[in-house]
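Here is how the chains run, residue by residue.
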There are 2 protein chains.
Amino acid sequence: MNTGNCMQYAPHGRPSPVVKPGEFVFSVMYLEHGHIDGMTRALLDAGATLKQVYDPDANKVTAFCKRFPQATPAACEEEILQDKDVQLVCAAAITSQRCSLGLRVMEAGKDYFTDKGPFTTLEQLAQAREAHRRTGRKYMVYFSERLHVEAAVLAGYMIDQGEIGRVIHMEGFGPHTLNAASRPDWFFRRAQYGGILCDIGSHQIEQFLFYTGDDNVQVAGSRIGNYANPEHPELDDFGDVNLNASNGAAGYFRVDWFSPKGLSTWGDGRMFIMGTKGTIELRKYVNVASGQQGGNHLFLVNERGEQYFNATNTVGFPFFGQLILDCLNRTEYGMTQEHAFKAAELCLVAQRDAKVVEP
Amino acid sequence: MNTGNCMQYAPHGRPSPVVKPGEFVFSVMYLEHGHIDGMTRALLDAGATLKQVYDPDANKVTAFCKRFPQATPAACEEEILQDKDVQLVCAAAITSQRCSLGLRVMEAGKDYFTDKGPFTTLEQLAQAREAHRRTGRKYMVYFSERLHVEAAVLAGYMIDQGEIGRVIHMEGFGPHTLNAASRPDWFFRRAQYGGILCDIGSHQIEQFLFYTGDDNVQVAGSRIGNYANPEHPELDDFGDVNLNASNGAAGYFRVDWFSPKGLSTWGDGRMFIMGTKGTIELRKYVNVASGQQGGNHLFLVNERGEQYFNATNTVGFPFFGQLILDCLNRTEYGMTQEHAFKAAELCLVAQRDAKVVEP
């Protein structure tokens, strides 16, 4: 049964450190989303050293320290921001507060790594762009549905190798388990979570930019709706978006909170990538009713036939080591700042312009 | 290897006659698409009696008579239209000629069963609507991707039984094998085939109307493109459409001619139906790289868990028997005329208003 558990938030990869202990220090603050575990785990596996953790809720801090005993509780945010050892602040604040926190982190001379969605308004994005230009600090985003899914990493490698020719179309499905009772109050307030396209839609848009290899993308249309959650009137339980890339690729994705109760995991996330010579389908977290356990199912069809790959424990999660090195070397191999900002901008535009479907 | 063979055009169901020999007589004319075999086979399995066949190309007639020896070649179209025994004319003409033929059939007092897409222009649709009103004859359409796929029939039954709650969203993928060398010249001429949304898009729109249970649907947006076939400049090798139903359901589908050469069948047709309480996925013609043979794979996920069903040789193809009885009894159990016309109208509107993606 689908209990909406948090296992997906911290997949265990093979540790592949890019630095030695103490060479890259990060601290964690604001533990509003379970993604903070995945972000922390991935940075640790990539060799980063975890120093402190801060959240106004002491219970959350205590629980975090049980999971990550190397973390020392900090008394306040400022203690971390003023710590000269800390190069990166990793955070999962309430979505509407992610930008203001990021600005404080960047002003303190540190790089920022936030859970998605990175913003709830275009004004926040403009502020972050300005702060990035002025301080040179990074505002990086944990787009976990690509960065922290080995099948998604493998798909990128296959596309780079030309396995499916030129990417001309993509569909993404991002169903999630609502499990409303486990969600904090802010999760249901539009001003705080930003809407479904800002939130879980951000994963999808980022993947479209990545796999098409084009950050010059426009929103061709978007819809949101609340079909079955009238008790949470500000929740979008459904959203979808059409995208057009400047290189001609077209895309569509749907996100929702309708994972069926009997699903064996939190969501049957899919990605369908169509090239001129082949197709890739990802069944990221489950291959429904297949008898197979776990996720990372990749189906490649091209001139050579139909092939199945299980990407678990294969390619790992190279982004996090790249992020560490990018922070140390002031490079952008893992992800460019413009890519992260452009993905964020498109979510915000799609959300702002969405047509509301009336159930 | 995907040789674009015609096997899909005539799936073999269990014969389940609704009439005795001679009680319902049909003839066949115009053999421009392999679908004519599926249409003929299905009517025969449902108990209809095949009398004549006509096509201006004697080779096509000879080949048809080898496959269906019960058919007698007719000297001309008029011979069939004037035959008082014939209750239904079954045809797969060049798409742009399907309506004019249908008008002649209806004027001759017979029902008409045409391959999809049923029209290439809204003017043709208006003529058919008028002829239907005046003559009372039927203009029925072979939407084979639902009517002649057991998994699609089973999905309808499951939805009727409430297995997934209220249908709120659908995605359909209709990839096809181009196999350009095997296609007639008219297939590449826009005025004759009508565009990809009129052609293979018609299956998808019809399914959206059917599974959502709502014929009051609007096109929210559509795109077409020619990504990789510059030698056929009037071919759309890609198209997609967003749909909104008056009952709130939203839909999206993509059709294309990009089935990879190594795919084991002509297209990995999919249908994803999301309800408030569950989901159904159809892998109609292949379950890629699964080791399973054949099609009709249905995946149901709801409160009770994840379940797989192979629908082959289960529910059969009830539409064709219903069509025969509807013709005899002047009823509309199999499909209402308005449903067929509405699906056709939406294809035409989607095609007319489509934005062209520039590769």
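Scroll up for the structure.
Residues numbered from 1 in each chain as written. Chains lettered and ligands numbered in written order. Predicted model: local features only at pLDDT ≥ 70, side-chain atom pairs only at ≥ 80, totals over all residues. Heavy atoms only, no water.

Asker: So what's going on with the packing of helix α5 (residues 122–135) of chain B against helix α11 (residues 337–353) of chain B? Residues and values would help.
Answerer: Residue and element names in this part refer to chain B. Closest axis-to-axis distance for the α5/α11 pair is 10 Å, and the angle between their directions is 165 degrees. Relative to α11, the element α5 lies roughly antiparallel. Our pair here, α5 against α11, has a crossing hand that is left-handed. Within the contact between the two elements, α5 uses Leu-122, Leu-125, Ala-128, Arg-129 and His-132 and α11 uses Gln-337, Glu-338, Phe-341, Lys-342, Glu-345, Leu-348, Val-349 and Arg-352. (Axes fitted to C-alpha atoms, helices over the stretch in contact; angles between N-to-C directions. Helix = DSSP H or I, 4+ residues; strand = E, 2+ residues; numbered from the N terminus. Parallel < 35°, antiparallel > 145°, perpendicular 65-115°, else oblique. Left-handed = near helix turned anticlockwise from the far one by under 90°. Contact = heavy atoms within 4.5 Å.)

Asker: Give a description of helix α7 (residues 150–160) of chain A that names residues and reports values.
Answerer: Buried residues dominate α7(A), accounting for nine of its eleven residues. Positive phi appears at Gly162(A), one or two residues downstream of α7(A), with a value of about 80 degrees. (Buried < 20%, exposed > 50% of the residue type's maximum accessible area, 1.4 Å probe, protein only.)

Asker: Explain the packing of aromatic side chains residue by residue, including any values.
Answerer: Enumeration over the complete set of coordinates arrives at 43 aromatic pairs over all chains. Both rings, one in Phe113(B) and one in Phe319(B), keep their centres 6.2 Å apart while their planes meet at 45 degrees; by these two values the pair is tilted. With Phe113(B) in strand β5 (residues 111–115) and Phe319(B) in helix α10 (residues 318–329), this residue pair connects regions lying 206 residues apart in the sequence. One aromatic cluster in this structure is built from Tyr112(A), Phe119(A), Tyr139(A) and Phe341(A). Sitting over the face of the ring of Phe210(A), Arg146(A) holds its NZ or CZ atom 3.6 Å from the ring centroid. (Phe/Tyr/Trp six-rings, centres within 6.5 Å; stacked < 30°, edge-to-face > 60°. Lys NZ or Arg CZ within 6 Å of the ring centre and 35° of its normal.)

Asker: Lay out the sheet that holds strand β4 (residues 88–92) of chain A in plain terms, naming residues and giving numbers.
Answerer: Residue and element names in this part refer to chain A. Strand order in the open sheet formed by six strands is β3-β2-β1-β4-β5-β6, and the pairing between neighbours is parallel. Only two strands of the sheet have a single neighbouring strand rather than two, namely β3 (72–73) and β6 (139–142). In the sheet, strand β1 (residues 25–31) pairs with strand β2 (residues 49–54) via four bridges, with the strands oriented parallel. Residue Met-29 lies in a different strand from β2, and its bridge partner there is Tyr-54. On top of the sheet, helix α10 (residues 318–329) reaches β4, β5 (111–115) and β6; it is set at about 155 degrees to β5, its chief contact. (Pairing = 2+ DSSP bridges.)

Asker: Give me the pattern of salt bridges: which residues, what numbers.
Answerer: Close approach of charged atoms allows side chains with opposite charge to pair. A full pass over the atoms with the stated rule returns 52 salt bridges over all chains. The closest approach of N and O atoms between Asp199(A) and Lys116(A), which form a salt bridge, is 2.6 Å. Linking Asp199(A) in the loop between α8 (190–193) and α9 (201–212) with Lys116(A) in the loop between β5 and α5 (122–135), this pair joins segments that are 83 residues apart in sequence. Here Asp199(A) matches Lys116(A) in class, with each residue buried. A salt bridge links Lys51(B) to Asp85(B); the nearest nitrogen and oxygen atoms lie 2.8 Å apart. One end of the pair, Lys51(B), is in strand β2 (residues 49–54); the other, Asp85(B), is in the loop between α3 (77–81) and β4 (88–92), with 34 residues separating them in the sequence. For Lys51(B), a relative accessible area of 27% gives the class partly exposed. Within the structure, one salt-bridge network assembled from shared partners comprises Asp268(A), Arg270(A), Glu281(A), Arg283(A), Asp268(B), Arg270(B), Glu281(B) and Arg283(B). (Salt bridge = Lys/Arg side-chain N within 4 Å of Asp/Glu carboxyl O.)

Asker: How would you sum up the environment of Tyr54(B)? Please name residues and give values.
Answerer: Residues and elements named next belong to chain B. Structurally, Tyr-54 can be placed in strand β2. Take Tyr-54: its relative accessible area is 13%, and that puts it in the buried class. Separated by 25 residues in the primary sequence, Tyr-54 and Met-29 have C-alpha atoms spaced 4.5 Å apart. Those residues in contact with Tyr-54 that lie beyond four places of it in its chain are Val-28, Met-29, Tyr-30, Val-61, Ala-74, Ala-75, Cys-76, Glu-77 and Ile-80.

Asker: Give a detailed account of the relation of the copies chain A and chain B, specifying residues and quantitative values.
Answerer: Once chain A has been moved 0.0 Å along the axis and rotated by 180 degrees, it coincides with chain B to within an RMSD of 0.0 Å. The transformation just described matches what one would write down for a two-fold rotation axis. The fraction of interface residues of chain A whose copies in chain B are also interface residues reaches 100%, indicating that both copies meet through the same surface. (Least-squares fit on C-alpha atoms with pLDDT ≥ 70 in both.)

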